[in-house]
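# Understanding the architecture of this molecule
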Amino acid sequence: MKVSRIDFKAANAAEQFLNSIHESGFAVIYNHGVKVDLIQQSYTDWQKFFRSKEKLNFPFNKQKQIGYAPFRSENSIYQKELKNLSEFFNYYPWGIVPEQLKEQTFELHHMLEKIGETLLSWLDATLPTEVKQHFSMPLANMIRNSKTHLLRIIYYPAITGSETFGEIRTSRHEDSNLITLLACPTQPGLQIEDNQGNWHDVAYTNEDIVINIGAQLKLITQGYLPSTMHRVINPQTHSANNVARMSMPLFMHPRDEVMLDKKITAGQFLHDFLVKNGIK
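Below is a short write-up of the structure. (Residues numbered from 1 in each chain as written. Predicted model: local features only at pLDDT ≥ 70, side-chain atom pairs only at ≥ 80, totals over all residues. Heavy atoms only, no water.)

A few words now on the packing of aromatic side chains. Taken as a whole and assessed by the stated rule, the structure comprises 14 aromatic pairs. A centroid spacing of 5.1 Å and a plane angle of 35° characterise the contact between Phe8 and Trp122, whose relative ring orientation is tilted. Taken as a pair, Phe8 in the loop between β1 (5–7) and α1 (13–24) and Trp122 in helix α3 (residues 102–126) lie far apart in primary sequence, 114 residues in all. A residue is classified by how much of its surface remains accessible, and Trp122, at 15% relative accessible area, is buried. With a centroid separation of 6.5 Å and an interplanar angle of 20°, the aromatic rings of Phe269 and Phe273 are classed as stacked. Of this pair, Phe269 and Phe273 both sit in helix α7 (residues 266–276), separated by four residues, roughly a single helical turn. Residue Phe273 is classed as buried on the basis of its relative accessible area of 12%. One aromatic cluster is present, built from ring pairs that chain together Trp46, Phe49, Phe50, Phe58, Tyr68, Phe89 and Tyr155. (Phe/Tyr/Trp six-rings, centres within 6.5 Å; stacked < 30°, edge-to-face > 60°. Helix = DSSP H or I, 4+ residues; strand = E, 2+ residues; numbered from the N terminus. Buried < 20%, exposed > 50% of the residue type's maximum accessible area, 1.4 Å probe, protein only.)

In structure tokens, the structure reads:
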């Protein structure tokens with residue numbers, strides 16, 4: 001599966017982006033305008049939070065889907081007896097956040113959101129007419145004033161070798177949303193699955209943002225854009241990459257009332273997805 005690495009400022013970036021996500025559901029962009037220093041400092045400061053007892057002051061609210069979720073608290077979607085080897089913090093601009101992380105986390109959320117708006121406007125311009133004719137409104141309009149763009153800060157501790165057999169950092173899954181923007185993870189491990197069930201590494205540098213399509217956009221485009229299964233695998237216990245890993249995906253969602261097709265709203269789709277997968 002080919003995942004293109006695209007210069008965000010290139011004249012033909014929109015066409016390259018559509019071609020990549022149509023083929024694989026994924027793309028990688030660079031020269032996007034988000035300061036690498038902001039991303040790296042965010043990782044450094046959030047890692048300190050995860051390694052402190054302060055995280056216990058922000059217990060996860062399952063109803064609102066905000067706050068801190070402890071290590072191994074998230075089940076594998078397809079193998080419920082297994083856990084993901086991660087802990088995370090769900091952030092919305094209207095939600096809770098440690099005071100010392102408030103300003104930079106808001107800035108990162110805002111900058112990623114603006115890039116997401118641009119990417120969706122590219123799709124509005126480049127998707128085939130026969131695909132767009134089914135839209136209830138342009139994609140860029142669907143996310144306008146949405147309050148459900150979730151930034152998840154994820155911390156994966158180093159692998160000790162004592163983990164339950166079969167457990168990995170993030171198990172096989174698809175995203176529930178329109179489009180995901182992943183500020184470059186601090187370590188490798190991200191893989192995507194092809195139609196034959198084979199797994200492929202996704203390559204990225206610390207200057208990149210990884211983009212992937214979620215289940216909502218797959219539905220809206222009637223499968224023209226695939227919502228590709230992906231996972232994060234463990235490093236070998238004694239490898240150089242066996243250190244803590246961090247990532248920060250922004251999951252972009254339409255407003256709840258937006259119709260994804262003639263039968264379901266974005267809010268109902270998300271609720272059903274979370275309940276089905278035991279997340280809510």
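After that view, the rundown keeps rolling.
Ranked by internal contacts, the top residues of the largest apolar core, which has 62 residues, are Phe17, Leu123 and Ile179. Per element, the largest residue contribution to this core is seven residues, and it comes from α3. Residues within four places of Leu123 in sequence aside, it is in contact with Phe17, Leu18, Ile21, Lys132, Leu139, Leu217 and Leu225. Listed in part, the 14 residues of the second largest apolar core include Leu190, Ile192, Val202 and Tyr204. (Core = buried A, V, L, I, M, F, W, Y, C linked by side-chain atoms within 4.5 Å. Contact = heavy atoms within 4.5 Å.)

For the rest of this paragraph, the subject is the environment of Leu181. Tracing the chain through its elements places Leu181 in strand β7 (residues 179–183). With relative accessibility at 0%, the residue Leu181 sits in the buried group. Once the C-alpha coordinates of Leu181 and Gly116 are considered, the two residues, 65 residues apart in sequence, prove to be 7.1 Å apart. Those residues in contact with Leu181 that lie beyond four places of it in its chain are Leu112, Ile115, Gly116, Leu119, Ile209, Val210, Ile211, Met248, Pro249, Leu250 and Met252.

Geometrically, a packed helix pair is captured by the angle between its two axes and the distance between the axes. Remark: α1 packs on α3, axes separated minimally by 9 Å, with the N-to-C direction vectors making an angle of 85°. Classified by the angle their axes make, α1 and α3 are roughly perpendicular. Across the interface between the two elements, Ala13, Ala14, Glu15, Phe17, Leu18 and Ile21 from α1 touch Leu119, Trp122, Leu123 and Thr126 from α3. Per-class residue counts for the contact of α1 with α3 are eight nonpolar, one polar and one charged. (Axes fitted to C-alpha atoms, helices over the stretch in contact; angles between N-to-C directions. Parallel < 35°, antiparallel > 145°, perpendicular 65-115°, else oblique. Nonpolar A, V, L, I, M, F, W, Y, C, P; charged D, E, K, R; others polar.)

Moving on: the side chain of Ser4. Here Ser4 is to be found in the segment before β1. Not counting the four nearest positions on each side in its chain, Ser4 is found in contact with Ser20, Ala27 and Val28.

Turning our attention to the environment of Asn61. One can find Asn61 in the loop between α2 (36–50) and β3 (67–69). Since its relative accessible area comes to 30%, Asn61 is described here as partly exposed. With 29 residues separating them along the chain, Asn61 and Asn90 place their C-alpha atoms 9.5 Å apart. Within the structure, Asn61 has its side chain in polar contact with the backbone nitrogen of Lys64 (distance 2.9 Å). (Polar contact = N/O pair within 3.5 Å; in protein donor to acceptor, adjacent residues only side chain to side chain.)

What follows concerns the sheet that holds β3. The strand order β1-β2-β10-β7-β12-β5-β4-β3 describes an open sheet built from eight strands, whose pairing is mixed. Where the open sheet ends on each side, the last strands, each with one partner, are β1 and β3. Averaged over all adjacent pairs, the angle separating strand axes in this sheet is 25°, with direction ignored. Inspection of the sheet shows β7 paired to strand β12 (residues 245–252) by five bridges, in the antiparallel sense. Among the inter-strand pairings, Ile179 is bridged to a residue of β12, identified as Met252. In the packing of α1 onto the sheet, contacts are made with β1, β2 (26–30), β7 and β10 (209–213), and the angle to β2 comes to roughly 150°. Set on the sheet, α3 makes contact with β2, β4 (87–91), β5 (150–156), β7, β10 and β12; between it and β12 the angle comes to about 55°. (Pairing = 2+ DSSP bridges.)

For β4, the tally of buried residues reaches five of five residues, placing the bulk of the element in the interior. Burial along β4 is two-sided: the residues Glu87, Phe89 and Tyr91 and Phe88 and Asn90 are all buried. Two elements, β3 and β4, share three bridges in a ladder whose sense is antiparallel. When the sheet's bridge partners are listed, Tyr68 is paired in β4 with Phe89. Of the pairings in the sheet, the one linking β4 to β5 comprises five bridges and is antiparallel in character. In the strand pairing of β5, Tyr91 is matched with Leu151.

Limitation: the analysis is restricted to geometry and does not speak to function.
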